[in-house]
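In case you want the letters, here they are:
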Amino acid sequence: MSEIRNQINSDIKEAMKAKDIDKRDALRLLSSAFKQIEVDERKELTDSDVITIIGKKIKQAQDSITQYKDAGRDDLATQEEKEVAYFMAYMPKQLSEAELETEIRSIIEAVGATSMKDMGKIMGTASKKLAGVTDGKSINNMVKKLLG
């Protein structure tokens with residue numbers, strides 16, 4: 001079992017002992033997502049798989065936050081924000097804007113991109129190389145900034 005997953009299981013137990021219901025429920029949500037993937041794909045998850053799943057859960061929660069705020073449901077948005085905070089604790093350190101710019105510049109140079117027509121090549125390479133340390137939207141915005 002992956003180290004991150006072991007840590008999450010341990011943190012669920014700690015949250016239960018501390019009677020921290022919000023954290024317990026958020027982490028159980030992650031744990032059930034891991035189990036679902038293991039059952040569906042019949043494989044044991046690696047740390048990389050776990051980080052990918054957590055990243056997807058964070059993106060879903062962020063989309064929900066936007067929708068809840070648009071609908072005037074700040075109570076639900078606040079709950080989702082708490083979940084994102086709990087989930088982020090298990091993600092690798094996220095790149096700063098300056099670090100992201102440096103990485104994207106090196107990828108642009110490596111693939112020989114010169115215009116926005118090359119965006120697909122850059123996005124494909126960057127998405128693989130920077131998985132877990134930044135999101136696709138940030139990559140997309142930086143590519144547009146540098147090539148636009």
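Residues numbered from 1 in each chain as written. Predicted model: local features only at pLDDT ≥ 70, side-chain atom pairs only at ≥ 80, totals over all residues. Heavy atoms only, no water.

Colleague: So what exactly am I meant to see when it comes to the side chain of Glu83 here?
Modeller: One can find Glu83 in helix α4 (residues 74–88). Buried Glu83, no salt bridge; nearest opposite-charge side chain is Lys57, N-O distance 8.0 Å. Residues contacting Glu83, with those up to four places away along its chain left out, are Ala26 and Leu29. (Helix = DSSP H or I, 4+ residues; strand = E, 2+ residues; numbered from the N terminus. Buried < 20%, exposed > 50% of the residue type's maximum accessible area, 1.4 Å probe, protein only. Lys, Arg positive; Asp, Glu negative; His and termini not counted. Salt bridge = Lys/Arg side-chain N within 4 Å of Asp/Glu carboxyl O. Contact = heavy atoms within 4.5 Å.)

Colleague: Can you help me understand the nonpolar core in this one?
Modeller: The tendency in soluble globular proteins is for nonpolar side chains to be buried as a group. The biggest cluster of nonpolar side chains holds 22 residues, and the ones touching the most others in it are Ile4, Ile8, Leu30, Phe34, Ile54 and Phe87. If you list the elements that add at least two residues to this core, you get α1 (3–17), α2 (21–41), α3 (47–70) and α4. In terms of residue count, α3 provides more of this core than any other element does, 7 residues in total. If sequence neighbours within four positions are ignored, Phe34 has contacts with Arg5, Ile8, Leu45, Val50, Ile53 and Ile54. Core analysis: the next-biggest nonpolar cluster, separate from the first, contains 15 residues, Met123, Ala126, Ile139 and Val143 among them. (Core = buried A, V, L, I, M, F, W, Y, C linked by side-chain atoms within 4.5 Å.)

Colleague: Looking at this structure, I do not really get the packing of α2 against α4. What am I missing?
Modeller: Packed helix pairs are characterised by how far apart their axes lie and by the angle those axes make with each other. Their axes nearest at 10 Å, the elements α2 and α4 cross at an angle of 65°. Judged by the inter-axis angle, α2 sits roughly perpendicular to α4. For the pair α2 and α4, the sense of crossing is right-handed. Residues Asp22, Lys23, Ala26, Leu29 and Leu30 of α2 lie in contact with α4, whose contacting residues are Gln79, Lys82, Glu83, Tyr86 and Phe87. Its residues assigned to classes, the contact of α2 with α4 shows 5 nonpolar, 1 polar and 4 charged. (Axes fitted to C-alpha atoms, helices over the stretch in contact; angles between N-to-C directions. Parallel < 35°, antiparallel > 145°, perpendicular 65-115°, else oblique. Left-handed = near helix turned anticlockwise from the far one by under 90°. Nonpolar A, V, L, I, M, F, W, Y, C, P; charged D, E, K, R; others polar.)

Colleague: What is the right way to read unusual backbone geometry from this model?
Modeller: Trans is the prevailing form of peptide bonds, just as negative phi is the prevailing case for residues other than glycine. Its identity is not glycine, yet Lys19 carries a phi of approximately 60°, on the positive side. Structurally, Lys19 can be placed in the loop between α1 and α2. You will see that Arg42, though not glycine, has its phi angle at about 50°, which is positive. The residue Arg42 is located in the loop between α2 and α3 in this model. By relative accessible area, Arg42 is classed as exposed at 76%.

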